[in-house]
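Okay, here's what each chain looks like letter by letter:
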Amino acid sequence: MALAALQVKRVFFEPGALDYQLGKEMYSRLKSEGQEICFLKSHNRVTSIPGKTPRESFFQGKSTLVVGVRKTLDFATCKPSAHYQLPLVTGCQGICEYCYLNTQLGKKPYTRVYINIDEILAQAGKYIQERQPEKTVFEAAATSDPIPAEPYSGALAKAIDFFALQEYGYLKFVSKFPNIDSLLDLDHRGHTRIRFSINTERIIQTHEHRTPGLQERIKALSRLMEHGYPGGVIIAPVILEGDWKKEYSDMLNKLSDELKGNNRDIHFEVISHRFTRRARNTILEVFPDTSLPMAEDESRTYKYGQFGYGKYVYNKELLQEMSILFTEMIGRHFPEAKIDYII
Ligand code: SF4
């Protein structure tokens, strides 16, 4: 079933958002859809999202949209996959149990859309200029899935148009959502790479709530690639349990069937499931009945991280098995693909 673009119960506008034409347009559209809109008194102070328990707070946050003005125009770096983050949206309405954002966006993880897109892109232009003739790559999904808000804000379309004209600037982002119609006919000139994040049907059904199914995601990727976009697939997190080899093989068969004859410029990133103790605690607060495999058992190795806290990754033997299998399957189905990494 296709998901509506935005699944929100409440909308807040930050001060100043209505000074922008896009802010006014979003206001009218959301109002005409029957959304109740409140105005915040100050930036970054979203205090009236309800929620008495961690679980309730989380779900209420996930159904809240904030329309704001991006004040800070210093972009965070985004190594190693890009040079800078492009801050168009933060947050995501999807409810994936293992989402990286679950430990990053506080107890009430609302989605915030920035409407001063021209200022944000002008800043990107400055970063590009500073580094030229080196290429500069921007990641628009470092702290969000930016697609669900796209039909409202048009931010990605503007960014794609902008990067098409930048000799030394490139854009990339990743999504799980298929609302990409407005991007199809843009003159992107190959400067934007759009990846889709996929997993097996079973894992999507079990752990990726309020997100579209596998077929819808790969169909969206296929349509984008038919329109000449460089593409990509992130397979994450790979969960090595049950009949995982067959399930991932079925998944890649489906991907290959859908992309047939249309998969020349495609990259793959394959990321095995891992967790920190902190993430596990957060997940268990919100999803106490989760079946995610997070036991510290013999299937796992503790790996120390750069900043003092470590994570549990699969042991060496399992990771090797996974790496061999994915290298073989991707090589067979997509001989021209580039595998960025399998970790
Ligand atoms: Fe997180 Fe992506 Fe799921 Fe959104 S779709 S909750 S960003 S993992």
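First, a word on scope: everything that follows refers to the structure included in this document. Because the structure is a prediction, the values reported are computed rather than measured.

## Focus: the nonpolar core
Here is step 1 of the chain: Within the largest apolar cluster, 97 residues are counted, with the highest numbers of intra-cluster contacts made by L86, L183 and I235.
Here is step 2 of the chain: Residue-level mapping places this core at the junction of two domains, with at least three residues from each of domain 1 (7-175) and domain 2 (184-343).
Here is step 3 of the chain: Judged by nonpolar contacts, the second largest core, of six residues, contains F12, V46, V66 and Y110.

## Notes on the site of the ligand
Here is step 1 of the chain: The ligand sits among K62, C92, G94, C96, C99, L101 and K176.
Here is step 2 of the chain: Residues belonging to the shell around the ligand are distributed by class as follows: four nonpolar, one polar and two charged.

## Comments concerning the packing of helix α8 (residues 244-259) against helix α10 (residues 316-333)
Here is step 1 of the chain: Between α8 and α10, the least distance of the axes is 11 Å, while the angle of their chain directions is 20°. By the angle class used here, α8 and α10 are roughly parallel. The chirality of how α8 crosses α10 is right-handed. Between α8 and α10, the contacting residues are W244, K245, Y248, S249, L252, N253 and S256 on the first element and E321, M322, L325, F326, M329 and H333 on the second.
Here is step 2 of the chain: Looking at the contact of α8 with α10 residue by residue, the classes come out as seven nonpolar, four polar and two charged.

## Here's the deal with empty space enclosed by the protein
Rolling a probe over the atoms, with the probe sized like a water molecule, indicates the empty space that remains.
Here is step 1 of the chain: With the rule as written, the count across this model stands at two cavities of 30 Å³ or more.
Here is step 2 of the chain: In this structure, the largest cavity is lined by Q85, L86, P87, L88, V89, E139, A140, A141, A142, T143 and S144.
Here is step 3 of the chain: Among the residues forming the lining of the largest cavity, the class breakdown is seven nonpolar, three polar and one charged.
Here is step 4 of the chain: Size it by volume and the second largest cavity reaches roughly 30 Å³.
Here is step 5 of the chain: L6, G91, C92, Q93, T111, D145, P148 and A149 are the residues that line the second largest cavity.
Here is step 6 of the chain: Split into classes, the residues belonging to the lining of the second largest cavity amount to four nonpolar, three polar and one charged.

## Quick notes on the side chain of R300
Here is step 1 of the chain: Within the element layout of this structure, R300 appears in strand β14 (residues 300-303).
Here is step 2 of the chain: For the buried R300, no salt bridge is present, and the opposite-charge side chain at shortest range is D297, 5.3 Å distant.
Here is step 3 of the chain: Those residues in contact with R300 that lie beyond four places of it in its chain are H273, R274, F275, P293, A295, Y312, V313, Y314 and N315.

## Side note on the environment of F334
Here is step 1 of the chain: If you trace the backbone, F334 turns up in the loop between α10 and β16 (338-342).
Here is step 2 of the chain: On the accessibility criterion, F334 (2% relative accessible area) is buried.
Here is step 3 of the chain: Sequence separation between F334 and P146 is 188 residues; the distance between their C-alpha atoms is 27 Å.
Here is step 4 of the chain: Residues contacting F334, with those up to four places away along its chain left out, are L252, L255, S256, L259, N263 and F268.

Basis of the calculations
- Residues numbered from 1 in each chain as written.
- Predicted model: local features only at pLDDT ≥ 70, side-chain atom pairs only at ≥ 80, totals over all residues.
- Heavy atoms only, no water.
- Core = buried A, V, L, I, M, F, W, Y, C linked by side-chain atoms within 4.5 Å.
- Buried < 20%, exposed > 50% of the residue type's maximum accessible area, 1.4 Å probe, protein only.
- Domains from an automatic or database assignment.
- Near = heavy atom within 4 Å.
- Nonpolar A, V, L, I, M, F, W, Y, C, P; charged D, E, K, R; others polar.
- Axes fitted to C-alpha atoms, helices over the stretch in contact; angles between N-to-C directions.
- Helix = DSSP H or I, 4+ residues; strand = E, 2+ residues; numbered from the N terminus.
- Parallel < 35°, antiparallel > 145°, perpendicular 65-115°, else oblique.
- Left-handed = near helix turned anticlockwise from the far one by under 90°.
- Contact = heavy atoms within 4.5 Å.
- 1 Å grid on protein atoms, 1.4 Å probe; cavity = no way out; pocket = protein on both sides within 12 Å on 5 of 7 lines; lining within 4 Å.
- Points joined across faces, edges and corners; volume = space filled by probe spheres on them.
- Lys, Arg positive; Asp, Glu negative; His and termini not counted.
- Salt bridge = Lys/Arg side-chain N within 4 Å of Asp/Glu carboxyl O.

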